[in-house]
Every structure is written in C-alpha cells, then in structure tokens.
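Tertiary structure, described
In case you want the letters, here they are:
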Amino acid sequence: MLTWNRGNDMGKEGLLVVVSAPSGTGKGTLLKQLKQSNENLRFSVSATTRKPRKNEIHGKDYFFKTVDEFKKMVEQNELVEWVEYCDNYYGTPGKHIESLINEGYNVLLEVEIEGAISVRKKFPGSVLIFVLPPSIGELRKRITGRGTEEEDIIDKRLEKARSEIEHVDRYDYVVINGEIDKAVKDINSIIRAEELKYTRNLDIINRIGGCF
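Below or above, wherever it landed, is the structure these notes cover. (Residues numbered from 1 in each chain as written. Predicted model: local features only at pLDDT ≥ 70, side-chain atom pairs only at ≥ 80, totals over all residues. Heavy atoms only, no water.)

1. With respect to helix α4 (residues 113–122)
What counts is decided by this rule: Each residue gets one of three labels from its accessible area relative to the maximum for its type: buried under 20%, exposed over 50%, partly exposed in between, using a 1.4 Å probe on protein chains only. By the criteria applied, helices consist of DSSP H or I runs no shorter than four residues and strands consist of E runs no shorter than two, each listed in order from the N terminus. The arc refers to the directions leading from the helix axis to the C-beta atoms. What makes two residues a contact is simply this: any of their non-hydrogen atoms within 4.5 Å.
Looking at α4, one finds that the buried residues are Ile113, Gly115, Ala116 and Val119. Axial view of α4: buried residues confined to an arc of 155 degrees, hence all on one face. In α4, the exposed residues that point more than 90 degrees away from the buried face are Glu114 and Lys121. Buried residues in α4 make contact with β1 (16–20), β5 (79–85), β7 (106–110), β8 (127–132) and α6 (151–165).

Spelled out as structure tokens, the structure:
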C-alpha cells in the first residue's frame with residue numbers, strides 16, 4: 001500500500017478531516033488503514049463519561065471524564081459536538097483538535113451527520129467526507145455477513161442508511177468503499193488536494209512573491 005510520508009509543508013497548519021458513513025460501510029477498517037498509510041494523520045480523541053475498558057489509556061483511547069466534568073466542558077463550550085448514548089456522554093474536545101492542527105498534523109474525526117454539521121460551524125475550514133457502500137445490496141450483504149443481527153434489525157439499519165445518504169449534499173466529497181485500498185487512496189488524494197488549495201497557501205505565496 002502507498003504510504004504518505006511527506007511531513008508538513010513549510011510549517012502550515014494541518015487540516016480537520018471529518019468522516020461519516022452508514023453502519024456496515026466498512027468505515028472502521030477504512031480509517032485504520034488510512035491512518036497506517038498517512039504518517040501525518042492523527043485521530044481526534046473523544047471525551048466520554050463511560051468507564052475505561054481493559055487496556056484503554058486516558059488521552060490515547062479517550063479522555064475519561066466524570067459526568068460533572070463533562071457537563072462543565074459543555075457549559076464552557078469546550079466541545080465541538082457531543083451526544084448522549086446508552087446512559088453515557090461522548091464529545092469532541094476542540095482544544096485537542098486545535099493543538100494537533102497547530103502542530104501541522106491533519107486530524108481525522110469520525111462522527112455522525114449531526115456532529116459533522118456542528119463541527120463545520122465551529123471549524124469552517126474543515127473537510128467533510130461521506131463514505132458510501134457500492135450499493136444498498138452490498139451494504140445488506142456486509143451487515144448480514146456479521147451474523148450478529150436479526151432480519152428486522154438489518155432492515156432498520158438499511159432504512160437508517162438510506163435516510164443518512166439523503167444528507168450527502170452537506171459534505172464536500174463522496175468516497176465509495178468498494179475496494180479498501182482504492183478508498184484509502186481516494187481519501188489521501190482528497191487530503192493532498194485540500195493542502196494544495198490556493199487559500200491554504202497564501203503565506204507561502206506571499207513569501208515567494210516577496211523574493212522577486
């Protein structure tokens with residue numbers, strides 16, 4: 001697999017790359033291989049009120065918080081998005097993202113559609129990517145292949161996927177996850193193209209222009 005190891009160009013800030021996808025699209029495997037292929041990419045670390053699982057490390061897997069600590073983060077507007085799920089809170093700390101971006105790293109954030117919209121409001125320069133399966137039929141095949149869910153649950157997941165796909169026009173790019181290597185290459189290409197945009201290179205352009 002192609003490995004990207006170019007480092008940061010001329011001390012520029014990194015990008016915030018937001019990825020959303022319906023359940024069963026293969027997003028987890030895709031993002032894992034994407035990180036392995038791009039050494040300048042870092043995953044955003046979420047804050048949560050759930051208890052740490054075995055081998056989970058604070059600051060690496062999650063920022064583990066008490067309910068009071070989490071609510072204080074919400075009150076102080078420290079989270080770019082947050083949700084309550086299964087009696088626990090999950091959210092994305094903005095300072096963590098800003099710190100990585102300022103260091104020149106590209107930050108990858110995996111969130112649902114509502115979270116992605118919230119992130120775009122607080123980080124207008126973020127890049128939103130929606131990952132699609134090759135077809136609904138293939139999505140059903142992948143979910144069924146897990147062998148962990150009843151038919152009615154599978155139907156509900158497919159219906160939710162259809163409703164999520166209706167919001168794809170809110171995103172900047174669409175990537176089809178048919179062949180994993182190609183999807184990884186496509187996302188890396190998007191990141192590189194965004195890095196080369198005129199508006200992200202004004203400081204460099206001005207420095208070069210000042211030499212003539």
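Continuing now.
2. Some thoughts on the pairing of β1
Short version of the rule: Between any two strands, pairing holds if DSSP finds at least two bridges.
Most of β1 is tucked away: five of the five residues are buried. Both faces of β1 are covered, namely the face carrying Leu16, Val18 and Ser20 and the face carrying Val17 and Val19. Two elements, β1 and β7, share four bridges in a ladder whose sense is parallel. Counted as the bridge partner of Val17 is Leu108 from β7. Relative to β8, β1 runs parallel, the two being bridged by four bridges. Looking at the pairing, Ser20 lines up with Phe130 of β8.

3. Quick notes on the pattern of salt bridges
This is how the line gets drawn: By convention in these notes, a salt bridge is any Lys or Arg side-chain nitrogen within 4 Å of a carboxyl oxygen on Asp or Glu.
As enumerated under the stated definition, the model contains 11 salt bridges in all. Here Lys27 ties to Glu110 by a salt bridge, and the two come within 3.1 Å at their closest N and O atoms. With Lys27 in helix α1 (residues 27–37) and Glu110 in strand β7, this residue pair connects regions lying 83 residues apart in the sequence. Note on Lys27: relative accessible area 13%, which makes it buried. The partner of Glu138 in a salt bridge is Arg142, with the nearest N and O atoms 3.1 Å apart.

4. What about the sheet that holds β8?
We count it as follows: Orientation is described by lines fitted to C-alpha atoms, with helices fitted over the stretch in contact, and by angles between N-to-C directions that extend from 0 to 180 degrees.
Strand order in the open sheet formed by five strands is β2-β7-β1-β8-β9, with parallel pairing between adjacent strands. Because the sheet does not close on itself, it has two edges, and the strands there are β2 (41–43) and β9 (173–176). Taking each pair of neighbouring strands and ignoring which way they run, the sheet shows an average axis angle of 30 degrees. Both β8 and β9 contribute to a ladder of four bridges, which runs parallel. In the strand pairing of β9, Val131 is matched with Val175.

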